[in-house]
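Next come the chains, spelled out residue by residue.
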Amino acid sequence: MRSSVMPTSRRGDGHSSPAALSAVGLRKSYGDRTVLDGIDLRIPAGAVFALLGPNGAGKTTAVKILSTLITADGGHAQVAGHDVATAPDGVRAAIGVTGQFSAVDGLITGEENMLLMADLNHLSKREGRRVTAELLERFDLVDAARKPAQSYSGGMKRRLDIAMTLVGKPRIIFLDEPTTGLDPRSRHNMWQIIRELVSDGVTVFLTTQYLDEADELADRIAVLNDGRIVAEGSADELKRLIPGGHVRLRFSDPAAYRSAASALAEAGRDDEALSLQILSDGSPRELRSVLDRLDSAGIDADELTVHTPDLDDVFFALTGAGVSGRTGGTDQTGRPKEAVR
């Protein structure tokens, strides 16, 4: 099915920005198994696009087609203005790819890995050493530069992997599950690296199974399931597809609570906690409506909190997955995702 949500970008209207990457009707099958079933994509330059989906949904296959590693069975795609089928060399000159598994050679040093990549990009010896030194500094790898890469931690190897990708100064970078297996600190460091790349004008195509990662980084998100894009839009747009949002009002004065319950007759009541719960999508318009009704009745709430579904809720609803006992979104501490206003 196709989503009715139109793609947008936090940096503006995705349809008015130049496309770094576009695909129409992209198809790929292996034997009788259809992996991509006619997907359409349009990613504006300088944005972070996240492709979400369960294992086997076709995320890596999409990356391999768009980066010219394999060919599609149908449809067409352009990357950096080059057709992936008829001008693969042009595509390869404009992109960098960091796959799920590190391309780092553990038997040589980090610096030697970088210099090897400089040679593969046909940089002169002088330019290769200059770029290597600059990127090792940028990715905080100077102290480890002359140690064998096999001695690096997982986070260091990932940083080196991306540094190697940047040697050729790509305009578009494919990051296929770049933080898998990293500890929380290394993940956050990687997020900062991605933000810096985008601030430099690089377009990032990100696949991830970490939904908080997509929520944190992506301007636009597509959910891939059974080879089809089942929804696409900004994180906020996707969250609004799923019911279950509500506003919770808490009172310390029992009289104010009873008055509010009368003014907001549709609200769910918790007489013991002196709180009311109203179904809401959390939009400013709905919040203003609730507050205006309280104000008209001369009532002040002591606390107002808003709960909106998170990307976990979206993912489970759109991909048919489920978690027993799940009641709503949580933050990184495991608490319900409610924003105190």
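Residues numbered from 1 in each chain as written. Predicted model: local features only at pLDDT ≥ 70, side-chain atom pairs only at ≥ 80, totals over all residues. Heavy atoms only, no water.

J.: Would you take a moment to explain the overall build of the protein for this structure?
T.: Looking only at helices and strands, the protein features 11 helices and 15 strands. With 341 residues in all, the protein has 48% of them scored as buried. Long-range contacts, defined here as pairs at least 24 residues apart, represent 70% of the contacts in the protein between residues at least 6 apart. Summed over all atoms, the accessible surface of the protein reaches about 16,900 Å², with 49% contributed by carbon and sulfur. (Helix = DSSP H or I, 4+ residues; strand = E, 2+ residues; numbered from the N terminus. Buried < 20%, exposed > 50% of the residue type's maximum accessible area, 1.4 Å probe, protein only. Contact = heavy atoms within 4.5 Å. Areas by Shrake-Rupley, 256 points an atom, 1.4 Å probe, with all protein chains shown as cover.)

J.: Sorry, what's going on with the side chain of Arg159 here?
T.: Mapped onto the fold, Arg159 is located in helix α5 (residues 154-165). The charged side chain of Arg159 is buried without a salt bridge, its nearest counter-charge being Asp140 at 4.6 Å. Look past the residues within four positions of Arg159 in its chain and what remains in contact with it is Phe139, Asp140, Leu141, Met190 and Ile193. (Lys, Arg positive; Asp, Glu negative; His and termini not counted. Salt bridge = Lys/Arg side-chain N within 4 Å of Asp/Glu carboxyl O.)

J.: Before we go on, may I ask you to explain the sheet that holds strand β2 (residues 33-44) in this structure?
T.: The pairing of strands in a sheet happens through backbone hydrogen bonds and is either parallel or antiparallel. As summarised here, the arrangement of the 4 strands in space is β2-β1-β4-β5, forming an open sheet in which the pairing is antiparallel. At either margin of the open sheet sits one strand with a lone partner, and together these are β2 and β5 (82-83). Inspection of the sheet shows strand β1 (residues 19-30) paired to β2 by 9 bridges, in the antiparallel sense. Bridge pairing in β2 places Leu21 opposite Ile43. (Pairing = 2+ DSSP bridges.)

J.: Hey, could you run me through the environment of Pro18 in this one?
T.: Within the secondary structure, Pro18 sits in the segment before β1. The exposure class of Pro18 is exposed, given its relative accessible area of 59%.

J.: Quick question: what am I supposed to make of helix α11 (residues 311-319) here?
T.: An α-helix turns once every 3.6 residues. As a result, residues three or four positions apart point the same way. Taken across its 9 residues, α11 has 7 buried, putting it largely inside the fold. Residues Leu311, Asp313, Val314, Phe315, Phe316, Leu318 and Thr319 constitute the buried set of α11. Tucked into the core, α11 has its buried residues touching α7 (211-217), β9 (220-225), β10 (228-233) and α8 (235-239). Gly320 occupies a position one or two residues after α11 and carries a positive phi of about 80°.

J.: Help me out: how do you make sense of the pairing of β10 in this one?
T.: For a regular strand, side-chain orientation follows a simple rule: the groups alternate between the two sheet faces. Most of β10 sits inside the fold, with 5 of its 6 residues counted as buried. In the sheet, β9 pairs with β10 via 5 bridges, with the strands oriented antiparallel. Note that in β10 the partner of Leu224 across the bridge is Ile229. With antiparallel pairing between neighbouring strands as the criterion, β9 and β10 make up a hairpin whose turn holds 2 residues, including Asp226 at a positive phi of roughly 55°.

J.: Can you walk me through unusual backbone geometry in this structure?
T.: Across the chain, the bulk of peptide bonds are trans and the bulk of non-glycine residues have phi less than zero. Its identity as a non-glycine residue notwithstanding, Ala80 has a phi of 55°, on the positive side. With respect to the secondary-structure elements, Ala80 resides in the loop between β4 (74-79) and β5. Residue Ala80 is classed as buried on the basis of its relative accessible area, which comes to 13%. The backbone phi angle of Leu274 is positive, close to 55°, even though this residue is not glycine. The class of Leu274 is buried, set by a relative accessible area of 16%.

J.: What is the right way to read helix α10 (residues 284-296) from this model?
T.: Over its 13 residues, α10 extends 18 Å from the first C-alpha to the last, a length consistent with the 18 Å expected when each residue adds 1.5 Å. Among all positions of α10, only Leu287, Val290 and Leu294 are buried. For α10, the angular spread of the buried residues around the axis is 65°, confining them to a single face. Opposite the buried face of α10, at more than 90 degrees from it, the exposed residues are Pro284, Arg285, Arg288, Asp295 and Ser296. (Expected span 1.5 Å × (residues − 1). Arc of directions from axis to C-beta.)

J.: Please explain the sheet that holds strand β3 (residues 48-52) as it appears in this structure.
T.: The strand order β6-β7-β8-β3-β9-β10 describes an open sheet built from 6 strands, whose pairing is mixed. Edge positions in the sheet fall to β6 (95-98) and β10, since each has one partner strand and no second. Here the average twist between neighbouring strands, direction ignored, is 15°. Strands in contact with α5 are β6 and β7 (172-176); relative to β6, the strand with the most contacts, it is inclined by about 160°. (Axes fitted to C-alpha atoms, helices over the stretch in contact; angles between N-to-C directions.)

J.: For this particular structure, what's the right way to read the packing of α5 against helix α6 (residues 184-199)?
T.: A pair of packed helices is captured by two measures, namely the crossing angle of their axes and the spacing between those axes. Taken N-terminus to C-terminus, the directions of α5 and α6 make an angle of 15°; their axes are 10 Å apart at the nearest point. Between α5 and α6, the crossing angle belongs to the class labelled roughly parallel. Here the hand of the crossing between α5 and α6 comes out right-handed. From α5, Gly155, Arg158, Arg159 and Ile162 reach across to α6, where they touch Ser186, Met190, Ile193 and Leu197. (Parallel < 35°, antiparallel > 145°, perpendicular 65-115°, else oblique. Left-handed = near helix turned anticlockwise from the far one by under 90°.)

J.: Help me out: how do you make sense of the side chain of Asp310 in this one?
T.: Relative to the helices and strands, Asp310 is located in the loop between β14 (303-307) and α11. Of the residues examined, Asp310 reaches a relative accessible area of 3% and is grouped as buried. Among the polar contacts listed, one links the side chain of Asp310 to the backbone nitrogen of Asp312, at a separation of 3.1 Å. (Polar contact = N/O pair within 3.5 Å; in protein donor to acceptor, adjacent residues only side chain to side chain.)

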